[in-house]
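An overview of the molecular structure
Residue strings, one per chain:
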Amino acid sequence: MTDYDTQLAVIGAGPGGYAAAFFAADIGLQVTLIDPEERPGGVCLYRGCIPSKTLLHAAKLIHEAGEIMDWGINFRKPVINIEKLRDRKNDVVSKLTGGLGQLIKQRKINYLRGIAGFRDSHTLTVNLVDGEQKSLRFEKAIIATGSRPTLLPMLDHDSARILNSTTALELSSVPKKLLVIGGGYIGLELGSVYAALGSKVTVVEMTKGLLPGVDRDLVRILQKGLKDAFEAILLETTVKALKIQKNGVKVVVEGADGDTHSRLFDKVLTAVGRRPNTTDLGLENTGIELDGHGFIQVDDQQRTGDGSIFAIGDVAGEPMLAHKASHEGRIAVEVIAGKNVVFEPATIPAVVFTDPEIAWTGITETEAKEKSVEYQVSRFPWAASGRALTLGRSDGLTKLLVDPTSERILGVGIVGAGAGEMIAEGVLAIEMGANVTDIGLSIHPHPTLSETFKEAAEIFHGVATHVYRKRRR
Ligand code: NAD
């Protein structure tokens, strides 16, 4: 340690970086955490998961208040105070980041507010936000610099009429007509927020369906809901030209039939994917290599091609999800501390926080077909769930992909209200190697949506109480 200023330098204080730094400090390492923000949080807390979920919850309340008019309860049309909504979102963010700031102090982590780049395999140059430059010798480093939105070259990203996930979350105004380019996670989540706040939202997606890669039976149920919420969903459609005018943004789109149409929008939100943050890190001064997609190449211990440097999170490959980043962070720290561990989760869950939510874990049906994996599928429609009916939320489906021989759960897909919470049971089932009998024998509380998981397992043997299926055996 004598030759070094710090035992472990962590670059980037998002959910990957701060989780790694906290864990390293907890097991006795001397840690320096570097990030340009005043407090840890990263994209997830400042410009991603947390602000978007705060707004999505407001969107859900607006939606539900409208739905219950049919039940004999009439709320007046919601009056949206955009400033207050923005304040609440900012308040949630500052409470959480403030808490992390406290945890940094309690753990005695050296927090440097600045941007770091490698000078060599053991030295960082840190450009501090106050203008000072600092040299930091480290024994080991973890890169956790995350990702940034992919920019479409045809757009003037400096225009206030062009939004990305960051600027859209600032909620500067609610445009009357919003075009969302990209029908993936961000496009659908933020499109839902703006639609609930009163925008007429059009989504343009270049592939055949929303959320490419996600099972179609799940997406179909979401899409039914989104059709009511959005002005239009244009599939197999691309943007050919875009012109910023005084009265809005004129957009020319081309559909699957090759026909082009011109439309005028007040604002355009691009959500066409994210790119790893690897530039300006001085990687050329290290032994680190990138893969064909621009991600830092790592092994199953999060080691890069440079013996003293590790990488975790979005910068180290798909899926670009916060929970994968924090888990990788713990693995990297354990390896640095001398433990012989590897990153090998049985499954990494994914959730799209639309209304209804879509969540999946383990193998998807799409993937099983592509890879010729043998499976049997059990589907429990929420129309047969008492709890779903009490909530007025029968727009859901719980399905299990099951190994026909071992009867183990291979994958779980859920669409419906609260699917993001329920998927955790699927994660546990897969991690523990549970089979359908284990799930069927586990008493689930009544009346809850979690019963759909148990009944989906029972369907496999044709013995679910609320769905009749001819018995398989
Ligand atoms: P995405 O990959 O989910 O979706 C991008 C979509 O844009 C795709 O459907 C793609 O086909 C489409 N597309 C690409 N180029 C296009 C074009 N020129 N015209 C029309 N459509 C086009 O990407 P995203 O929504 O930007 O999100 C990025 C990543 O951030 C996600 O992959 C995810 O890992 C992460 N994320 C996760 C969550 C969550 O966990 N709930 C939320 C937001 C973001």
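Provided above is the structure to which this section pertains.
Described in the following lines is the structure provided in the data block. For every chain, the first residue of the written sequence is number 1, and numbering continues from 1 onward in sequence order. Since the coordinates come from a predicted model, pLDDT governs what is reported: local features require at least 70, and pairs of side-chain atoms require 80 or more to be given and counted, while whole-chain, interface and lining totals use all residues. Hydrogens and water are ignored here; the side-chain numbers use all heavy atoms of the structure.

Right, let's get into the pairing of strand β1 (residues 6–11). A regular strand places its side chains on the two faces of the sheet in alternate fashion. Burial here depends on accessible area, computed with a 1.4 Å probe over protein chains only, as a share of the maximum for the residue type. Under 20% is buried, over 50% is exposed, and the range in between is partly exposed. Every helix listed is a DSSP run of H or I at least four residues long, and every strand listed is a run of E at least two residues long, numbered separately from the N terminus. The buried count for β1 comes to five of six residues, which makes it a mostly enclosed element. If DSSP finds at least two bridges between two strands, the strands pair. Where β1 meets strand β5 (residues 133–143), five bridges bridge the pair, whose relative direction is parallel. Following the sheet pairing, A9 is matched in β5 by A141. One ladder, built from four bridges, connects β1 with strand β2 (residues 31–35); its direction is parallel. Of the residues in β2, the one forming a bridge with L8 is V31. By convention, orient the strands away from the viewer: a clockwise path from the first strand over the helix to the second makes the crossover right-handed. This β-α-β element, β1 to helix α1 (residues 17–26) to β2, shows right-handed connectivity.

Bringing the packing of helix α3 (residues 49–67) against helix α4 (residues 82–106) into the picture now. Orientation is described by axes fitted as lines to C-alpha atoms, over the contacting stretch for helices, and by angles from 0 to 180 degrees between their N-to-C directions. At a minimum axis separation of 9 Å, α3 and α4 run at an interaxial angle of 140°. Here α4 runs oblique to α3, going by the angle between their axes. Regarding α3 and α4, the two cross each other, and that crossing is right-handed. Residue-level contacts link I50, P51, T54, L55 and A58 of α3 to L85, R88, K89, V92, V93 and L96 of α4. Lys, Arg, Asp and Glu make up the charged group, whereas Ala, Val, Leu, Ile, Met, Phe, Trp, Tyr, Cys and Pro make up the nonpolar group; the residues left over, Gly among them, are polar. Within the contact of α3 with α4, the residues separate by chemical class into eight nonpolar, one polar and two charged. Roughly parallel here means an angle under 35 degrees, roughly antiparallel means over 145, roughly perpendicular means 65 to 115, and every remaining angle is called oblique. It is the rotation of the near helix from the far one that decides the hand of a crossing: anticlockwise by less than a right angle makes it left-handed, clockwise makes it right-handed. Whether two residues are in contact is decided by their heavy atoms: any pair within 4.5 Å suffices.

The next subject is the nonpolar core. L188, V201, L211, F230 and I358 are the most contacted members of the largest nonpolar core, which has 36 residues in total. By residue number, the principal contributor to this core is helix α6 (residues 185–197), which donates six residues. The term nonpolar core refers to a set of buried residues drawn from Ala, Val, Leu, Ile, Met, Phe, Trp, Tyr and Cys, joined through side-chain atoms within 4.5 Å. Counting residues in each nonpolar core, the second largest holds 30 residues, with A21, L29, F310 and I331 among its members.

Moving on, we get to α1. Within α1, nine of the ten residues are buried, which leaves the element mostly enclosed by the surrounding structure. Residues G17, Y18, A19, A20, A21, F22, F23, A24 and A25 constitute the buried set of α1. Lining the buried residues of α1 we find β1, β2, α2 (42–47), α4, β5 and α8 (322–336). Count one or two residues on from α1 and you reach G28, which has phi positive near 100°.

Another aspect to go through is the packing of α1 against α8. Closest axis-to-axis distance for the α1/α8 pair is 8 Å, and the angle between their directions is 35°. The hand of the α1/α8 crossing is right-handed. Where α1 approaches α8, its residues A19, A20, F23 and A24 are matched on the opposing element by S326, G329, R330, V333 and E334. Residues belonging to the contact of α1 with α8 are distributed by class as follows: five nonpolar, two polar and two charged.

Residues are classed as near a molecule or strand on a simple rule: at least one heavy atom within 4 Å of it. Near the ligand, the surroundings consist of 21 residues, among which I186, E205, G273, M320 and V351 are the closest. Polar contacts here mean pairs of N or O atoms no more than 3.5 Å apart (in protein, one a potential hydrogen donor and the other a potential acceptor; neighbouring residues in sequence count only if both atoms are side-chain atoms). A distance of 3.3 Å is found between a nitrogen atom of the ligand and a backbone nitrogen or oxygen belonging to M206. At 2.8 Å, a backbone N or O of M320 approaches an oxygen atom of the ligand. Considered on its own, the ligand offers 850 Å² of accessible surface; in the complex 81% of this is hidden by protein. Here the shell around the ligand takes three residues from α6, the largest share from any one element. Looking at the shell around the ligand residue by residue, the classes come out as 13 nonpolar, five polar and three charged. Every accessible area reported is derived by Shrake-Rupley at a probe size of 1.4 Å, with residue values counting cover from the shown protein chains alone.

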